[in-house]
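Inside the fold
Okay, here's what each chain looks like letter by letter:
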There are 4 protein chains.
Amino acid sequence: MEKKSSLPPPVLIPELGHLFYTLGWMTGTGGGISIREGDTIFVTPSGIQKERLTPSDLFLLDFHTRSILKAPTLPVQPSACTPLFYHCFQLRDAGACIHTHSQNALLVTLIYPGPTFTITNQEMIKGIRRGTHGPGLANTDTLVVPIIENAPTEEDLSDGLTQAMSEYPDTCAILVRNHGVFVWGATWEKAKTMTECYDYLFEVAIKMKQLGMDPHC
Amino acid sequence: MEKKSSLPPPVLIPELGHLFYTLGWMTGTGGGISIREGDTIFVTPSGIQKERLTPSDLFLLDFHTRSILKAPTLPVQPSACTPLFYHCFQLRDAGACIHTHSQNALLVTLIYPGPTFTITNQEMIKGIRRGTHGPGLANTDTLVVPIIENAPTEEDLSDGLTQAMSEYPDTCAILVRNHGVFVWGATWEKAKTMTECYDYLFEVAIKMKQLGMDPHC
Amino acid sequence: MEKKSSLPPPVLIPELGHLFYTLGWMTGTGGGISIREGDTIFVTPSGIQKERLTPSDLFLLDFHTRSILKAPTLPVQPSACTPLFYHCFQLRDAGACIHTHSQNALLVTLIYPGPTFTITNQEMIKGIRRGTHGPGLANTDTLVVPIIENAPTEEDLSDGLTQAMSEYPDTCAILVRNHGVFVWGATWEKAKTMTECYDYLFEVAIKMKQLGMDPHC
Amino acid sequence: MEKKSSLPPPVLIPELGHLFYTLGWMTGTGGGISIREGDTIFVTPSGIQKERLTPSDLFLLDFHTRSILKAPTLPVQPSACTPLFYHCFQLRDAGACIHTHSQNALLVTLIYPGPTFTITNQEMIKGIRRGTHGPGLANTDTLVVPIIENAPTEEDLSDGLTQAMSEYPDTCAILVRNHGVFVWGATWEKAKTMTECYDYLFEVAIKMKQLGMDPHC
C-alpha cells in the first residue's frame, strides 16, 4: 500500500526536516529524524537547524555495532536521541523514528497529568497502527499513548522509554512530559503520517478541553 | 464567471493536495479529492500522502460503470470515499468533491451536538451557493449544514450522506461528526472556494463560542 | 523612505494576492486589491481565486471616468469593491487600497459592539499614519478605527464608508461588522504594511480580551 | 558545533527576514536583524518590508566608529534599533542580534506584569545559553528574561536595555513590554535558534496560563 520512494534517506531527511520545522515540530534545532535502510541507520546531527539540513550533514551508523560509518565534515555529534532511536529499531522493528518538540505533544502531557494520553471516537485514530506492523485501529478504539517523565539528557530517557515500550506493546508513540513525542513506524511514510495523526489528535484533545469537552468519550 | 483552467485534473489534483495539506485539511493521508470531466472521474488513491501526490498516482474511473479506466502502478486502491464522491456526482450533479479532515469541521460537530450547523449574518455566507447550481446565499441568510454521525468505514457513511442530501436539497456540504466535511460544487473552483468559505465560517463559529457569542444571530 | 518598486501593478497584485491568501485574508475569492498609477486604476476581478491571479486577470480603469481601459478575456466583472476603492482614491488621495476578510478584523467588530475599535500603548501603533499622508502615530496614542455595519452588497457599503471617512479624517482603515476591513495608503507599500499593522493590533486585542485584559489602556 | 555558513550576511539577512516575516515576527516593517563580521556590522534598514529585503538594502557600519561604510541607494536610515544592537555587540560580545515583534513576546509581558518572565521544567530551556558564550541551561533551571518598559522611540530604550544587561548578566534576551524582544548570540545561528527557543517558551507559557497552569513550576 505504499508508494515506492524514489528519494534516498540523505535527500529525504533534509526535506522532512524542512517540513517539520515549518510545522513547528523542530524549531531551535530541537527534534530529530532517523531512518533504517538495511543495516544502515541514517540520523540527523545534534544542534543543527533542521530546516537547513543538507545530505552531507547526516550520520550513517551501523545497525548492529552502532559504529559511525560516515560522519559530516562538521564538528558535530549524532542526535542525542540516537540511543532512543535504536530502541525503536531494535525493540520494535521500526524502519523510521521521528522525535518532535511539537507544542501539542508537550501540552497534552500537562492536561493529562497521569501516565497516559487517551482519546476515542475520532476518525483520525484510524491512521494509527496497533504496533509497528499491526493493522490500523478503529475510530471507536481508545488510543492510548504512554507518557514518561522528562530527564536531564536524552540518554536518561532510555529506561523510561524501554519500560513504556514493554508495558504498552501496541503503541507506536511515547510522549515525554514537558518535552515532546517519539513516534516510529515500519517505514518512513508510516512514521511520518502517524506523527501527523498523533499530533492532530493531541491538538483536538487540547481544543476539546478548552471547549469544556472530554476527549475520552 | 470562471477562469478557464488550463490545468488538467492530473496536474491540478496534486497541486490542490499540496495546498490542502498545508491548510491542515489532509494530513496523515486523510481526506480526498475527486473531479469529474465528462464521463471520467479522477480520484485520489487511498493511504497516500496528499502533499506528495503526482499525476500518475490518480485513478480514472468511468462515470457510468464505476470501472477503473486507469490505475496507478502502485498497489493502492481508489479513495475509500469514492462511493460518497459518486453520490455527489450522481445525486447532485457535482463537477468536483472535496473531503477534508479540517479540525474546524470536526470541532463544529462537537459544539453543535444536534443534526445541523447553522450560522447567519456573516459576509462569507455569500460565497456559498443554494444547491450545486443555484445562486449565492445572502449574508443575512441562515447557512444550514447537516451533520451526520460517523461510522466505522467511509462506505458506511453512504446512507447517512444520501439521506442528508435528500433532507437538505440546498446544501453543498455535509459534516461528519468527529471526522470532517464533504463539499461539492459545479466545478473544481466552486468546490474548492466553497470549502474555504465553509471552513472559514466553521472557524468563526468556534471562535465566537470561545468568546461567549452566538453564531446563530 | 520607500523602496522604488521595480514591479508594475500587474505583476505586483498577483504576488500580493498570493501572500494575502496565505495569511487567510483572501480565501474563498474574498477580498480585493486596487492600485492607482497616475490616471490608471488597477483592480482585481470579482469571484476569482486571489492566490491564482495572473497579470492578465486584472482590470484597468480610468481614474476620472471610471471606464474600463482593459478587461481580462475572462467573463468577469471588476471587484464589487471598486466603488469603495474609488472613495479611497478620490476622497483620501490613496495610492492603493486593500480589502481583507481577515478573521481578526471580523472578530474585533464583535468584541467591540460600538462604532469604533480602539487600542493604545502598543508599539505597532507606530506603523499607522495619521491620515493618508500624515506622520506616524505614537505608541501612546489611541488608535481609533471606525466600524460600519455590513450591508447586502459591497455597493450598499458606500454611504457608510464615506460617512466614516468624513467623521474620522485621521483613519486609514474602516472595519465592516461581520465582514472585514478596508485599508488604504499613499503607496502600495504603505497600504500593505499598514494592513499588517492593523491586523496585528486586531489580533492582539482579541488575545488580550481572551486573557481578561483591556486593550484600551 | 556549528555549521560553517556559506552564506555572507548580505545574502543571509534577507533570507532570515523572509523567514521571520513568515513566522509573524517582522510584519508591517517591524523588527530588525544585525550581524557582526569582524569589524563590520550589517544591519537592516528602517521602514522596509522585511520579507522583501535584498542584499543591496543593507547598511554596513564600522564596529568601532559606527560610521556608515556602505548605504543602500534608497533614501533610508539604518534600523532605529542600531544603538541597541551595538549594546549587544559591545557589552555582550554578540555576533548577531535579532529584534522581533512576535505576539508571543508581547503577550508574555502582559501576563507577567512584573520585571521578569520566568519558566522552568521545559525541555526547550536547554536551547538557551547562560550568557553569550556560556553553556546551555538545564531543563530544570529557571529561565529568567528581564522585561523593560516600552518608550516612544527605540533609542529611548537604550538605558533600560543596558541596565537590564547589567542586572541580568546571564540573559541572552530582553523583553520590551507591549513591544517585542531582543535576542543575541555568539553567532547568527545561536541568535536565531535561541530566538526560536525563547519564542517557543513564551508561547507555551501563554497556553499554560490559558489552560489554568503555572509555567513557574
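Residues numbered from 1 in each chain as written. Chains lettered and ligands numbered in written order. Predicted model: local features only at pLDDT ≥ 70, side-chain atom pairs only at ≥ 80, totals over all residues. Heavy atoms only, no water.

Turning our attention to the UniProt feature "binding site: Zn(2+)" (unreviewed entry) in chain A. Residues and elements named next belong to chain A. The positions UniProt marks with the feature "binding site: Zn(2+)" (unreviewed entry) are His99, His101 and His179. These annotated residues cover 81 residues of sequence, but their C-alpha atoms sit close together, with the largest distance between any two at 10.0 Å. With respect to the element layout, His99 can be found in strand β5 (residues 96–100). Sequence-distant contacts of His99, defined by excluding residues within four places in its chain, comprise Met26, Gly31, Gly32, Cys81, Phe85, Glu154, His179, Val181 and Phe182. For His99, the side chain forms a polar contact with the side chain of His101, separated by 3.4 Å. Since its relative accessible area comes to 1%, His179 is described here as buried. (UniProt positions renumbered as here; feature names shortened; annotations may be inferred. Helix = DSSP H or I, 4+ residues; strand = E, 2+ residues; numbered from the N terminus. Contact = heavy atoms within 4.5 Å. Polar contact = N/O pair within 3.5 Å; in protein donor to acceptor, adjacent residues only side chain to side chain. Buried < 20%, exposed > 50% of the residue type's maximum accessible area, 1.4 Å probe, protein only.)

Let's shift gears to the interface of chain B and chain A. Each partner contributes to the interface: chain B provides 30 residues, whereas chain A provides 29 residues. Taken together, the two surfaces of chain B and chain A that pack against each other cover about 2,400 Å², and 54% of this comes from carbon and sulfur. Sorting the residues of chain B by area buried against chain A places Gln49(B), Arg52(B) and Gln103(B) first, and these three jointly supply 24% of that buried surface. On inspection of chain B and its partner chain A, the count reaches 2 salt bridges. The salt bridge partner of Glu51(B) is Lys192(A), with a shortest N-O separation of 2.3 Å. Where chain B packs against chain A, one counts 15 residue pairs in polar contact (both at pLDDT 80 or more). (Buried area = accessible area lost by both parts, 1.4 Å probe. Salt bridge = Lys/Arg side-chain N within 4 Å of Asp/Glu carboxyl O.)

Next up on the list: the packing of helix α3 (residues 103–111) of chain D against helix α5 (residues 188–210) of chain D. Residues and elements named next belong to chain D. In contact at an axis separation of 9 Å, α3 and α5 are set at 50° when each is read in the N-to-C sense. On the basis of their axis angle, the class for α3 and α5 is oblique. Like other packed secondary-structure pairs, α3 and α5 cross with a definite hand, here left-handed. Contacts from Asn104, Ala105, Leu107, Val108 and Ile111 in α3 reach Asp199, Phe202, Glu203, Ala205, Ile206 and Lys209 in α5. (Axes fitted to C-alpha atoms, helices over the stretch in contact; angles between N-to-C directions. Parallel < 35°, antiparallel > 145°, perpendicular 65-115°, else oblique. Left-handed = near helix turned anticlockwise from the far one by under 90°.)

Its identity as a non-glycine residue notwithstanding, Arg66(C) has a phi of 65°, on the positive side. With respect to the helices, strands and loops of the structure, Arg66(C) is situated in the loop between β3 (59–62) and β4 (68–70). Phi is positive for Asn121(D), which is not a glycine, with a value near 60°. As for its position among the elements, Asn121(D) is in the loop between β6 (116–120) and β7 (142–148).

Moving on to the pattern of salt bridges. Using the criterion set out here, one finds 32 salt bridges over all chains in the structure. Counted as one network, the salt bridges with shared partners bring together Glu51(A), Lys192(D) and Glu196(D).

Okay, the environment of Tyr198(A) next. Residue and element names in this part refer to chain A. Mapped onto the elements, Tyr198 comes out in helix α5 (residues 188–210). For Tyr198, a relative accessible area of 1% translates into the label buried. Note: C-alpha distance between Tyr198 and Ala94 (104 residues apart in sequence) is 17 Å. Apart from the residues within four sequence positions on either side, Tyr198 is in contact with Ile128, Leu143, Val145, Thr171, Cys172, Ala173 and Val183. In this structure the side chain of Tyr198 is engaged in a polar contact, spanning 3.4 Å, whose partner is the backbone nitrogen of Cys172.

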